[in-house]
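Below, each chain spelled out in residue letters.
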Protein chains: 2
Amino acid sequence: MKAPRIPEATVARLSLYSRFLENLNQKGIGSVSSGEIAEGLSINPAQVRKDLAYFGDFGTRGVGYIVKDLLSRTLDILGLDQKWPLILVGAGALGYAICGYQGFNKRGFSIAAVFDNNPVKIGKRIGRVEILPMDKMPEIIKSRHVRIGIIAVSADAAQEVVDQMVENGLEGVLNFTPVNLVIPDGVEVINNDLSVGLESLTFKLSQKEF
Amino acid sequence: MKAPRIPEATVARLSLYSRFLENLNQKGIGSVSSGEIAEGLSINPAQVRKDLAYFGDFGTRGVGYIVKDLLSRTLDILGLDQKWPLILVGAGALGYAICGYQGFNKRGFSIAAVFDNNPVKIGKRIGRVEILPMDKMPEIIKSRHVRIGIIAVSADAAQEVVDQMVENGLEGVLNFTPVNLVIPDGVEVINNDLSVGLESLTFKLSQKEF
């Protein structure tokens, strides 16, 4: 079943709902209301109901949602009913942070390989993952069936890296640089510039002053 | 002037517009159309026009926007007409990555101090910033007029850290952990879980398969 066109902000919230439900499920909680989800995540209850309605209504008045069912539905929609091997380019501090990130494994993500062009770094390991030279990228993408790459290089190298990723068939890119990458149609990019979140905060704090 | 209530996604895009304009301004480009902004950032042109309309219409038909004016307006709205000293808690790989992030300085952000509870790390430096023990937090927040804190600790320490930040008067928190923090009214939290962006990608790639 093809879902209707869903706004990006709703998809991001779906990730949050999904994690919240995972948490409840681990605690053995069987049902939950949209109000409880809203409160647990500090999101407007009307927004939660609107978001969940995109994915078909599973709630029952007076009972709410069956946690297991809604969790499994969110995982399906997010494409997390399968494992996603990833490649990461850039073995700097951010690359180390991403490799060590605790939230990945639980959601089915794993870093298949890290690439860098610095000979000093090549051959070393970040955790269990080896740092490989850039020219090994095609081989790894093919043998490990990788579809998504993460860019954690310096800003001036970002476009060159994404070009190489696209050339080797990657379909999705998570970009941690502040660069607006040029990519062909059919390749998806999500930008995760670390300072955009800060600017949402300065916006809110400045509004408070009026 | 108090701006109308603006959706969070629009504020995030405003950051992108602002950076794009900064880039044009540096190149000495004097005017830009909403279509050019849309194309440069791969955003739907109707969305760009809608977003900019929130902030008052500065465009002139056939001429577009004066880059300098629109840039300065975006910076004002985002609260970036002033400097923002920040504190960061967590001197792990992510803390190093955040401290070394190239995009901060240009936007008026600076890390005033990094805190950690690991005695091995205390006293060391990340770049020019010293790693301080947690009990120095009140002093630094006061003396450096800090309003925003960044949390880059492990998930299990996140709530304790945010409690301490709030107790010491911080008004905004950028949370890099996957934890949904409990905070009092009046304190703003922006969550920047590294894997939410990945799940937006797996969502899109899964949709393609249908």
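Residues numbered from 1 in each chain as written. Chains lettered and ligands numbered in written order. Predicted model: local features only at pLDDT ≥ 70, side-chain atom pairs only at ≥ 80, totals over all residues. Heavy atoms only, no water.

Caption draft 1: Up close: the interface of chain A and chain B. Listed per partner, the contact involves 66 residues of chain A and 66 residues of chain B. Summing the contributions of chain A and of chain B, the shared interface buries around 5,900 Å²; its carbon and sulfur component is 62%. Summed over the shared surface of chain A and chain B, the result is eight salt bridges. The residue B:Glu199 makes a salt bridge to A:Arg107 at a minimum N-O spacing of 2.6 Å. At the boundary of chain A with chain B, the tally comes to 18 residue pairs in polar contact (both at pLDDT 80 or more). (Contact = heavy atoms within 4.5 Å. Buried area = accessible area lost by both parts, 1.4 Å probe. Salt bridge = Lys/Arg side-chain N within 4 Å of Asp/Glu carboxyl O. Polar contact = N/O pair within 3.5 Å; in protein donor to acceptor, adjacent residues only side chain to side chain.)

Caption draft 2: How the structure looks around the packing of helix α1 (residues 8–26) of chain A against helix α4 (residues 67–77) of chain A. Residues and elements named next belong to chain A. Remark: α1 packs on α4, axes separated minimally by 9 Å, with the N-to-C direction vectors making an angle of 140°. Judged by the twist between their axes, the crossing of α1 over α4 is left-handed. Of the residues in α4, those in contact with Leu14, Ser18, Leu21, Glu22, Leu24 and Asn25 of α1 are Val67, Lys68, Leu70, Leu71, Thr74, Leu75 and Ile77. Residues belonging to the contact of α1 with α4 are distributed by class as follows: eight nonpolar, three polar and two charged. (Axes fitted to C-alpha atoms, helices over the stretch in contact; angles between N-to-C directions. Helix = DSSP H or I, 4+ residues; strand = E, 2+ residues; numbered from the N terminus. Left-handed = near helix turned anticlockwise from the far one by under 90°. Nonpolar A, V, L, I, M, F, W, Y, C, P; charged D, E, K, R; others polar.)

Caption draft 3: Local environment of the relation of the copies chain A and chain B. Here chain A sits on chain B after a turn of 180° about the axis and a move of 0.0 Å along it, with an RMSD of 0.0 Å. What the rotation and shift describe, once combined, is the action of a two-fold rotation axis. A share of 100% of the interface residues of chain A reappears at the interface of chain B, consistent with the copies meeting face to face through the same patch. (Least-squares fit on C-alpha atoms with pLDDT ≥ 70 in both.)

Caption draft 4: Highlighting the pattern of salt bridges. Residues and elements named next belong to chain A. If you walk through the whole model with that rule in mind, you get 14 salt bridges over all chains. When the shortest N-O distance is used, the salt bridge between Asp51 and Arg13 registers 2.6 Å. Taken as a pair, Asp51 in helix α3 (residues 45–53) and Arg13 in helix α1 lie far apart in primary sequence, 38 residues in all. As far as the burial class goes, Asp51 and Arg13 line up, both buried. (Buried < 20%, exposed > 50% of the residue type's maximum accessible area, 1.4 Å probe, protein only.)

Caption draft 5: Geometry of the domain arrangement of chain A. If you check the domain split of chain A, you get domain 1 (8–77) and domain 2 (84–195). Each of domain 1 of chain A and domain 2 of chain A was reduced to a C-alpha centroid, and the two centroids are 31 Å apart. (Domains from an automatic or database assignment.)

Caption draft 6: Focus on helix α8 (residues 158–167) of chain B. Residue and element names in this part refer to chain B. Among the residues of α8, Ala158, Val161, Val162 and Met165 are the ones counted as buried. On an axial view of α8, the arc spanned by its buried residues comes to 95°, and they lie on one face. Across α8 from its buried face, at more than 90 degrees, point the exposed residues Glu160 and Glu167. Trailing α8 by a residue or two, Gly169 shows a phi angle of about 95°, which is positive. (Arc of directions from axis to C-beta.)

Caption draft 7: Local environment of the pairing of strand β4 (residues 109–115) of chain A. All names here are of chain A. Summarising burial for β4: six of the seven residues are buried, a large majority. Bridge count for strand β3 (residues 84–89) against β4 is six bridges, and the pairing is parallel. Bridge pairing links Trp84 to Phe109 in β4. As defined by bridge partners, β4 adjoins strand β6 (residues 129–132) across two bridges and the pair is classed as parallel. If you follow Phe115 over to β6, its bridge partner there is Leu132. (Pairing = 2+ DSSP bridges.)

Caption draft 8: Quick peek at the side chain of B:Asn192. By the secondary structure assignment, B:Asn192 is in the loop between β9 (188–191) and α9 (194–209). With a relative accessible area of 9%, B:Asn192 lands in the buried category. With sequence-adjacent residues up to four places away left out, B:Asn192 is seen in contact with A:Asn192, A:Asp193, A:Leu194, B:Leu174, B:Asn175 and B:Phe176.

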